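# Fold and contact review
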Amino acid sequence: MARALIVVDVQNDFCEGGALAVVGGAAAAGAISAHLDAHAADYALVAATADWHEPLPDSNDGHFAVDGAPDYVSTWPEHCVRDSAGASFHPDLRLPSGTVLVHKGQGRQDYSGFAGQLVGRPGDLAAALRAAEVTEVDVVGLATDHCVTATALDARGAGFAVRVLTDLTAGVSTSTSIAALTRLHRSGVELVTSQP
Ligand SMILES: [Zn+2]
């Protein structure tokens, strides 16, 4: 059995000072790096996803609010525009060499890393995991209540054993994070912390 770590969307726009900041985003970036330093040997593969949108006026299939204010449920302010500083990984996130990069949301509203495409080679995240004979995945990153949850649910749906390391995530709001974690638990995703 091999385990992978999936680092979801730890990008500047989702951290403090970014276009769609999550409180605790920068702290999660540092904590994920510390976890990787301590547990690199536990993972056969590390993957990192990035939201990678087209700039306004492209709505990215309704993901960006174009007419009126975003509702922060299904429409959002412009964020993570491809190749922008906001789309870059937070500087406190240190990824090992060989990390598999995934871009998602190119002109679309992708929440799950499994909806994206590998960077620099054909294929998607599920294919990369299977090629590495991964059967178990740990999911961390931003935001708990949106892309982390969507990625974890898709991993479960693809047949992987899934854990979310909750102390290495941060959510948009407490109420939606609790609802998301409840849904994950009911779907067979294990909720644990990175510390025993
Ligand atoms: Zn997005």
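Preceding this section is the structure that the text describes.
A brief look at the structure comes next. Just so it is clear, the structure is predicted and the values come from calculations on it, not from any experiment. (Residues numbered from 1 in each chain as written. Predicted model: local features only at pLDDT ≥ 70, side-chain atom pairs only at ≥ 80, totals over all residues. Heavy atoms only, no water.)

## Thoughts on the coordination of the zinc ion
Heads up, the condition is: Keep in mind that water is not among the atoms, so a site may look incomplete; donors are the N, O and S atoms within 2.8 Å of the metal, or 3.2 Å for Na, K and Ca. For four-coordinate sites, all angles between 85 and 135 degrees define a tetrahedron; for four- and six-coordinate sites, opposite donors beyond 155 degrees with the remaining angles between 65 and 115 define square planar and octahedral shapes respectively, and all other cases count as irregular. The helix and strand labels rest on DSSP assignments: H or I over at least four residues marks a helix, E over at least two residues marks a strand, and numbering proceeds from the N terminus. Residue burial is assigned from relative accessible area. The probe radius is 1.4 Å, only protein chains are included, and a residue is buried under 20% of its type maximum, exposed over 50%, and partly exposed in between.
In this structure, D51 (OD), H53 (NE2), H63 (NE2) and H79 (NE2) serve as the protein donors to the zinc ion, at separations of 2.1 Å. For the zinc ion, the four donor atoms in the first shell make angles of 90 to 166° at the metal, so the coordination geometry reads as irregular. Taken in sequence order, the residues that donate to the zinc ion follow the motif D-x1-H-x9-H-x15-H. In this pair, H63 sits in the loop between β2 (45-51) and β3 (100-104) while H79 sits in the loop between β2 and β3, placing the two residues 16 residues apart along the sequence. With respect to burial, H63 and H79 carry one shared label: buried.

## Some points on unusual backbone geometry
Cis geometry marks the peptide bond from L56 to P57, where omega comes out at 10°. Position of P57 relative to the elements: it lies in the loop between β2 and β3. For the peptide bond that leads from L142 to A143, omega is -15°, which places it in the cis range. Mapped onto the fold, A143 is located in the loop between β5 (134-142) and α3 (144-157).

## As for the sheet that holds strand β1 (residues 2-8)
Applied cut-off: When DSSP finds two or more bridges between a pair of strands, those strands are recorded as paired.
The strand order β4-β3-β2-β1-β5-β6-β7 describes an open sheet built from seven strands, whose pairing is mixed. Bordering the open sheet on either side are β4 (117-118) and β7 (190-192), each of which pairs with just one other strand. Note that β1 and β2 share five bridges and pair parallel. Of the residues in β2, the one forming a bridge with V8 is T49.

## Here's the deal with the pattern of salt bridges
For the record, the criterion: For this analysis, a salt bridge means a side-chain nitrogen from Lys or Arg found within 4 Å of a carboxyl oxygen belonging to Asp or Glu.
Taken as a whole and judged by the stated rule, the model has eight salt bridges. Here the residues in one salt-bridge network are R3, E136, D138 and R163, joined through shared partners.

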